[in-house]
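# Structural features, examined
Residues per chain are reported as follows:
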Amino acid sequence: VRALDLVDVVALAAEVSDVEPPKLLELLDTPEVGALLAEAQAPLPPHEAAAALLVGLVEIGPLPTGNRRLALLAALHLLGGYGLEVELDPHATRDLLAAVQAGGPDAPSVAIWLGPHVMARDPLDCALRDSLSTDAWRAIGLAVDRARRHRRLLASPADLLLGLLREGTGPAALATGADDTTAEVVMITPADAGFEVGTRTVMALALRAAVTLGHRQITGGHLLLGLLDGGHAGLLPAGVDATDVRRRVLDLLGLADSPERTDLGARLSELIRRLRTTDPAAAVELEEVTELLRTGVDRTIETVLAWRGELSLTALGQDEAVDSLLALQRPPGPVPAGSGEAGLLARYVADVARYPKLSRAEEAELFAVIKAAVEPEAALSERRLIQSNLELVVTIARGYHASGLPMLDLIQEGNLGLMQAVPRYDPTKGYRFTTFATWWIRNYIQRAAGRPRA
Amino acid sequence: MGETKNMLLRLDPELADRLGMVAQVEGRPVSGVVRDAIAAYVEARRRDPEFRRLVESSLSRHAELLGLLADE
């Protein structure tokens, strides 16, 4: 994955045009297109950069024909580089591009239109967004910030490691002995950030580490384990031993292997070896059981990594991902009461947890009532759907605490998104309401989180 | 070849010498070698796996929209 450059645009033009590449280069290598590409590489939110590219290429019209197709492909390519995809209504988009060509909507207006249609291609983004702890957020923010300061669009594993070291408060910093607690908090959302493929793999491995260790959050410690598992131990500062770091991270995560557990594999092998001489059948059985246990763990890992597969609103698999994330995020014990925002939040969370979750059949029944539009049943059904998903809003809002907005404000925005989702949901499409609502909730929260504050 | 456009190409002397030598060895005009080099460069980008993946994804996901835009 890389930033969009002139060769990309020429190569994209070659996809929609019969003109020979040297001629295409000649047509596209102009100051206007150059300025447009420079603008698209500026640190803008991806949908704004894509909108600028889309509108700019349609307005400039550098090709004899196929300019709108080139503009669309270029915008999609730019978003794809960030791991983002777009759901577009073909006819509405065609009309919009025709209006742009006629001098209608400008780039900022198109960005506002485009924003709600953009979604993360990779469920890993959703998993990370919802499960990162504060120190992991800070580390990732610092990694992205470092990449940008070095004029790179995508953060590398090395950026991530330096982010972890600079972050200075989480398990990763403690395990590596870094004590720089002056690191500033960088406000960033995964949708704004680009990561190299290697960095994304590290994040997937961090998620795997969290899930296999039974943790509800991905901390900097898990990210550090991901770096080590991803073969980046060589990036550690000179004199820092990777095995020692791993042991210290596990120790800080509260999972240090006791000598008994560390020796478990060796003891098992010894037991099997001894059994082979006294009871060969039992030895074989023990080997089989051991293998089954290993397979079980591997399958869990595969399931988690499978989230990285294709994601769209029509992909049924996303329901499972959302459910799994909800399971990951569920608070471990009784919520504390208190005064101030924390107390209000705790009470709110406890309140919304009381509304029962709906089964697929119950969901379908409520939407059938809403569709029949008979009052007051329709309004009551709508309310029940909203109430049963208020906890989902809280879960998603938690992922945006780094935005600096009070959590209750984020929840409020997410609730508005949830309310928008109910009348727009089409049960015939086959995916669960939670899948659809997640997009609307996230979108409203993202908009609020990205909005300049008074 | 259809309509062409004259371009001024600034190269360092060593690269210009190598370009001249390639053209001479192949018995072709320098402009032909440059054109082929550009075409090969663009083609290499088009064959890049990551580029291909993103393009194929866009072409298949938005086939209907791209079809609607083909009437330009």
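Owing to the predicted nature of the structure, the values given are computational and were not obtained by experimental measurement. (Residues numbered from 1 in each chain as written. Chains lettered and ligands numbered in written order. Predicted model: local features only at pLDDT ≥ 70, side-chain atom pairs only at ≥ 80, totals over all residues. Heavy atoms only, no water.)

## Regarding the overall build of chain B
- Helices and strands together make up the secondary structure of chain B, namely four helices and zero strands.
- For chain B, the α and β elements follow one another from N to C terminus as α-α-α-α.
- Carbon together with sulfur atoms contributes 56% to the accessible area of chain B, which is approximately 5,200 Å² in total. (Helix = DSSP H or I, 4+ residues; strand = E, 2+ residues; numbered from the N terminus. Areas by Shrake-Rupley, 256 points an atom, 1.4 Å probe, with all protein chains shown as cover.)

## Topic: the overall build of chain A
- Scanning chain A from terminus to terminus reveals 24 helices and four strands.
- The buried share among the 454 residues of chain A stands at 49%.
- In chain A, the share of contacts with a sequence separation of at least 24, taken over all contacts with a separation of at least 6, comes to 71%.
- As displayed, chain A offers around 20,900 Å² of accessible surface, 56% of which is attributable to carbon and sulfur atoms. (Buried < 20%, exposed > 50% of the residue type's maximum accessible area, 1.4 Å probe, protein only. Contact = heavy atoms within 4.5 Å.)

## Side note on the packing of helix 10 (residues 157-167) of chain A against helix 13 (residues 220-229) of chain A
Residues and elements named next belong to chain A.
- Direction vectors running N to C along helix 10 and helix 13 enclose 145°, while the axes themselves pass 10 Å from each other. Considering only the axes of helix 10 and helix 13, their crossing is left-handed. For the pair helix 10 and helix 13, contact is made by Pro157, Leu160, Leu161 and Leu164 and by Gly220, Leu223, Leu224 and Leu227, respectively.
- Within the contact of helix 10 with helix 13, the residues separate by chemical class into seven nonpolar, one polar and no charged. (Axes fitted to C-alpha atoms, helices over the stretch in contact; angles between N-to-C directions. Left-handed = near helix turned anticlockwise from the far one by under 90°. Nonpolar A, V, L, I, M, F, W, Y, C, P; charged D, E, K, R; others polar.)

## Describing the interface of chain A and chain B
- Counting residues at the interface gives 39 residues for chain A and 30 residues for chain B.
- Buried surface at the junction of chain A and chain B, summed over both partners, amounts to about 3,200 Å²; 62% is from carbon and sulfur atoms.
- It is A:Glu15, A:Glu26 and A:Arg69 that lose the most area in chain A upon contact with chain B, and together they represent 17% of the buried surface on that side.
- One can count six salt bridges joining chain A with chain B.
- Note that A:Glu87 and B:Arg61 form a salt bridge whose closest N and O atoms lie 2.9 Å from each other.
- Taken together, the connections running from chain A to chain B amount to seven residue pairs in polar contact (both at pLDDT 80 or more).
- Listing elements by their share of the side of chain A that touches chain B, those giving two or more residues are helix 1 (6-16), helix 2 (21-28), helix 5 (67-81), strand 1 (84-86) and helix 6 (90-101) of chain A.
- Of the residues assigned to the side of chain A that touches chain B, the class counts are 16 nonpolar, ten polar and 13 charged. (Buried area = accessible area lost by both parts, 1.4 Å probe. Salt bridge = Lys/Arg side-chain N within 4 Å of Asp/Glu carboxyl O. Polar contact = N/O pair within 3.5 Å; in protein donor to acceptor, adjacent residues only side chain to side chain.)

## Describing the environment of A:His77
- Its location among the elements puts A:His77 in helix 5.
- Residue class for A:His77 comes out buried when judged on its relative accessible area of 7%.

## A short note on helix 10 of chain A
- Of all the eleven residues making up helix 10 of chain A, eight are buried; the element is thus mostly covered by neighbouring parts of the structure.
- Regarding helix 10 of chain A, the residues found buried are A:Pro157, A:Asp159, A:Leu160, A:Leu161, A:Gly163, A:Leu164, A:Leu165 and A:Glu167.

## Points about the packing of aromatic side chains
Residue and element names in this part refer to chain A.
- Enumeration according to the criterion identifies five aromatic pairs over all chains in this entry.
- For the ring pair Tyr425 and Phe433, a centre distance of 5.3 Å and an interplane angle of 80° mean the geometry is edge-to-face.
- For Tyr425, a relative accessible area of 9% translates into the label buried.
- Cluster of aromatic residues (ring-pair linked, three or more members): Phe367, Tyr425, Phe433 and Phe436. (Phe/Tyr/Trp six-rings, centres within 6.5 Å; stacked < 30°, edge-to-face > 60°.)

## Topic: the pattern of salt bridges
- All told, the structure shown has 17 salt bridges over all chains when counted by the stated rule.
- The salt bridge partner of B:Arg61 is A:Glu85, with a shortest N-O separation of 2.9 Å. In this pair, B:Arg61 is assigned in helix 3 (residues 49-61) and A:Glu85 in strand 1, connecting two distinct chains.
- Between B:Arg52 and B:Glu56 there is a salt bridge; the shortest N-O distance is 2.9 Å.

## A short note on the confidence of the model for chain B
Residues and elements named next belong to chain B.
- Put simply, chain B has an average pLDDT of 84, and 88% of its residues get 70 or more.
- When the elements of chain B are averaged for pLDDT, helix 2 (residues 30-47) gives the smallest value, 86, and helix 4 (residues 63-68) the largest, 91.
- In the predicted assembly, ipTM is 0.80 and pTM is 0.41. (pLDDT = per-residue confidence, 0-100.)

## Remarks on the nonpolar core
All names here are of chain A.
- Among the nonpolar cores identified, the biggest contains 49 residues, and Leu4, Leu12, Leu53, Leu70, Leu72, Leu78 and Leu114 are the most heavily contacted of them.
- It is helix 5 that provides the largest number of residues to this core, a total of nine residues.
- Leave out the neighbours within four places in its chain, and Leu114 touches His47, Ala50, Ala51, Leu79, Val86 and Leu88.
- One finds Leu410, Leu418, Val422 and Tyr444 within the second-largest nonpolar core, a separate group that totals 36 residues. (Core = buried A, V, L, I, M, F, W, Y, C linked by side-chain atoms within 4.5 Å.)

## Overview of helix 1 of chain A
- In terms of residue burial, helix 1 of chain A counts as a mostly covered element, since nine of its eleven residues are buried.
- Residues of helix 1 of chain A that are buried sit in contact with helix 2, helix 3 (31-41) and helix 5 of chain A together with helix 2 and helix 3 of chain B.
- Put simply, A:Asp5 is the residue that caps the front of helix 1 of chain A, since its side-chain oxygen is 3.2 Å from the backbone nitrogen of A:Val7.

## Description of the packing of helix 13 of chain A against helix 14 (residues 242-252) of chain A
All names here are of chain A.
- The interhelical angle for the contact between helix 13 and helix 14, taken along N-to-C directions, is 150°, at an axis separation of 10 Å. The orientation of helix 13 relative to helix 14 falls into the category roughly antiparallel. The crossing of helix 13 and helix 14 is left-handed. Contact with helix 13, carried on its side by Gly221, Leu224, Leu225, Leu228 and Asp229, involves Ala242, Val245, Arg246, Val249 and Leu250 of helix 14 and no other residues of that element.
- Residue classes in the contact of helix 13 with helix 14 are distributed as seven nonpolar, one polar and two charged. (Parallel < 35°, antiparallel > 145°, perpendicular 65-115°, else oblique.)

## Structural notes on the side chain of A:Ser17
- Take A:Ser17: it is sitting in the loop between helix 1 and helix 2.
- There is a polar contact of 3.0 Å between the side chain of A:Ser17 and the backbone nitrogen of A:Val19.

## Digging into a nonpolar patch on the surface
- Together, B:Leu9, B:Leu11 and B:Leu15 make up an exposed nonpolar region whose accessible area comes to about 250 Å².
- Considering the arrangement of structural elements, one finds B:Leu9 in the segment before helix 1 (13-26). (Patch = residues over 30% accessible without salt bridge, like charges linked within 9 Å, V, L, I, M, F, W, Y side chains within 5 Å.)

## Notes on the environment of A:Pro90
- Mapped onto the elements of the fold, A:Pro90 is located in helix 6.
- Residue A:Pro90 is classed as buried on the basis of its relative accessible area of 16%.
- Not counting residues within four places of it along the chain, the set of residues in contact with A:Pro90 comprises B:Glu64, B:Leu65 and B:Leu68.

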